[in-house]
Amino acid sequence: MAFKGAIEVDTQKCKGCSVCIANCPTDSIRLSDKVNSKGYHYAEMTGDACIGCSNCATVCPDSVITVYRVKI
Amino acid sequence: MAEKILMKGNEAIAISAIRNGVDGYFGYPITPQSEVMETLMKEKPWETTGMVVLQAESETSSINMLYGGASCGKKVMTSSSSPGVSLMCEGISYIAGAELPCVVVDVMRGGPGLGTIQPSQSDYNQIVKGGGHGDYHNIVIAPASAQDMYDFVDWGFELAFKYRNPVVVLADGIIGQMMEKVEMHPMKPRRTAEEILRDAPWAVTGKPASRERHIITSLSLDADIQEQFNIKLKEKYAMIEANEVRFSEYMTGDAEYIFVAFGCSSRICEAVVDELRAEGIKAGLLRPITLYPFPSGEIARLAAQAKSMMSIELNLGQMVHDVRLAVNGACPVGFYGRQGGNIYTPEEIVAEFKKFNGLA
Amino acid sequence: MSISIEEIKKPENIVYRRPALLTDNVMHYCPGCSHGTVHKLVAEVIEEMGIQDRTIGISPVGCSVFAYNYIDIDWEEAAHGRAPALATATKRLCPDKYVFTYQGDGDLASIGTAEIIHACSRGENIVVIFINNGIYGMTGGQMAPTTLIGMKTSTTPYGRDPKLNGFPLVIADMISHLDGTAYITRQSVHTAVAARKAKSAIRKAFEYSAKGIGLSFVEIVSTCNSGWKMTPVEANKWMVENMFAKYPIGDIKDVLK
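The present account deals with the structure reproduced in this document. Computed from a predicted structure; not experimentally measured.

A short note on the packing of helix H1 (residues 9–19) of chain B against helix H2 (residues 35–43) of chain B
Residues and elements named next belong to chain B. Contact geometry for H1 and H2: axes closest at 7 Å, N-to-C directions at 45 degrees. Taken together, the axis directions place H1 and H2 in an arrangement best described as oblique. Helix-helix and strand crossings are classified by hand; for H1 and H2 the assignment is right-handed. Residues Asn10, Glu11, Ile13, Ala14, Ile15 and Ile18 of H1 touch H2, and the partners they reach there are Glu35, Val36, Thr39, Leu40 and Glu43. Considering only residue class, the contact of H1 with H2 consists of six nonpolar, two polar and three charged.

Structure (structure tokens):
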């Protein structure tokens, strides 16, 4: 059984600390080229390798990540 | 008829706490007030009323235990003596800043520093003027008998909860150690959880989904918010000054010479007034029972009829400054005091009085 | 089978979301600060145990002074170092409540040593969450009692020298010798695995505090990337390579084991 996942980032609250990126096992997060109203480059999902493991959200200090997961 | 028991002032504090439904006492031993906690431990109120009694590791901890207990809307108190109260002043400032009710008993001894273990009234400035940092006032009530010690615990909590403000019972080593008959009033039960919600709706009681969370804090980083809070405190103090001044007078009706004295000194000054009256000198005594709020209005009224006033204190002259402010030049103001644990005799005060007034 | 991102992002597929017990306030902490992660874990534990209406938190002086802005429970904000004294009275006067302090290493291990040692010694039935990042964050990166030897801070600009500044204070080990402590553990939150273990430890501490067996103490070895002058990811790496040697991760004491 395999999983496919996705994340939703509250971009206005993200501070771009990148701890989620360091914890992603599938390299599915990057910092956006854009900045939010505070001037932070926020985290965003990249590619389609996300497995919805929640590691990123678990370590996110600002709790700005929602994780979705489906079985495929 | 109410029961009367012979006891020390310090013991009266302890017995009164149990009988008036106090929820918690947190203290640290220091002479001359250690009998307060000793009496509580001997009485074991946790087995009867459920009152918590705890010997803390320091006065710093005791006062912060009061902060914690008061945050929950509980009736909490501590007692100490001058050096211990110095350590508590940080906590008292936080309690004033967080607008929490509590009762602190200061059984004063001589200072500065380790000073002496004998009686003194030298914490007047520290307690009446605040003691800790920031713009705040303690409500300060000054007992002059073991009965006062008993009665002022309950009165102290009434004021503390009415104004959400720390109340200091400013006693001294004489009142604490002296044995007198104390009349017991009927027991008051500790408040129930429902009564706490009613009397302290601001308290930290665990947040149900139905209300916003309660936060007990003295912190606001925003200058405007802090200033608004300071102004709110000032309004509260104005209410206290308008409503809570309490004093007693002895032979002041036709008095030409007024003594001002609080606590044990007021007891001694009654004898002074009697001696002077026996000599045909019209003397009288004003005893401030509340030191904050100070009976400035009554002192001003008496100053208008007096040839002079004298403040008699067991210190180097602390309350006398408040007397002078109240008199505001209407008559001469003198001072006589003893220090270091020495106590004046009525004869000594009579002699000083005559010297000051040119009557010798 | 191919499924689009939009199809995955449906409410029924949510497996992780911000705990409801965290308020909507944006945390004032620096990007990557461990405080936010620990706040979240504490909120999750309280939420999962269903004890919001029976929990009282006590915040310290330091960066986490504003913890009360983030977790939706009743709070008391203590003077510097005094949180265990507040907690002592709160728990003794309200024994049916879960009472925890949340303190940094300046607050707990320096100015508040008397309060924490005696709360442990008396066996108060409270939870202490201890954030140890080896530095004073709020005041701008000064030496803490927990600062490692050689570590540069604004008051040890040439590195902590034991001749000048003494040695790091290892509080968790010290209090493990006190009979009043029930559960002492040291955790971290730099990886998802570590954070999940830390959450289990926090939950155990809360559960133990209701058993009347003494004080439970959860130290979280943390980062202060601003104070350490590193990026958050570099700070996590530095913590693993340096802090863990002095403050090893794992349970130190468990009286029920």
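Don't stop here, the text continues.
Examining the interface of chain B and chain C
Counting residues at the interface gives 33 residues for chain B, matched by 36 residues for chain C. Both sides together, the interface formed by chain B and chain C hides about 2700 Å², and carbon and sulfur atoms give 61% of it. The largest per-residue losses of area from chain B upon contact with chain C belong to Glu57, Lys207 and Arg213 of chain B, which jointly make up 23% of the total buried on that side. Here chain B and chain C share five salt bridges between them. Arg211 of chain B is paired through a salt bridge with Asp74 of chain C; the nearest N and O atoms lie 2.7 Å apart. Looking at the side of chain B that touches chain C, the elements that each hand over two or more residues are strand S2 (24–27), strand S3 (52–55), helix H3 (59–71), helix H4 (82–97) and strand S9 (215–216) of chain B. Ranked by residues supplied to the side of chain B that touches chain C, first place goes to H3 of chain B with eight residues. Here the residues of the side of chain B that touches chain C are counted per class, giving 15 nonpolar, 11 polar and seven charged. Summarising the sheet, S9 of chain B and strand S3 (residues 74–77) of chain C pair through two bridges and their orientation is parallel. Bridge pairing in S3 of chain C places Ile216 of chain B opposite Glu76 of chain C.

Calculation criteria
Residues numbered from 1 in each chain as written. Chains lettered and ligands numbered in written order. Predicted model: local features only at pLDDT ≥ 70, side-chain atom pairs only at ≥ 80, totals over all residues. Heavy atoms only, no water. Axes fitted to C-alpha atoms, helices over the stretch in contact; angles between N-to-C directions. Helix = DSSP H or I, 4+ residues; strand = E, 2+ residues; numbered from the N terminus. Parallel < 35°, antiparallel > 145°, perpendicular 65-115°, else oblique. Left-handed = near helix turned anticlockwise from the far one by under 90°. Contact = heavy atoms within 4.5 Å. Nonpolar A, V, L, I, M, F, W, Y, C, P; charged D, E, K, R; others polar. Buried area = accessible area lost by both parts, 1.4 Å probe. Salt bridge = Lys/Arg side-chain N within 4 Å of Asp/Glu carboxyl O. Pairing = 2+ DSSP bridges.

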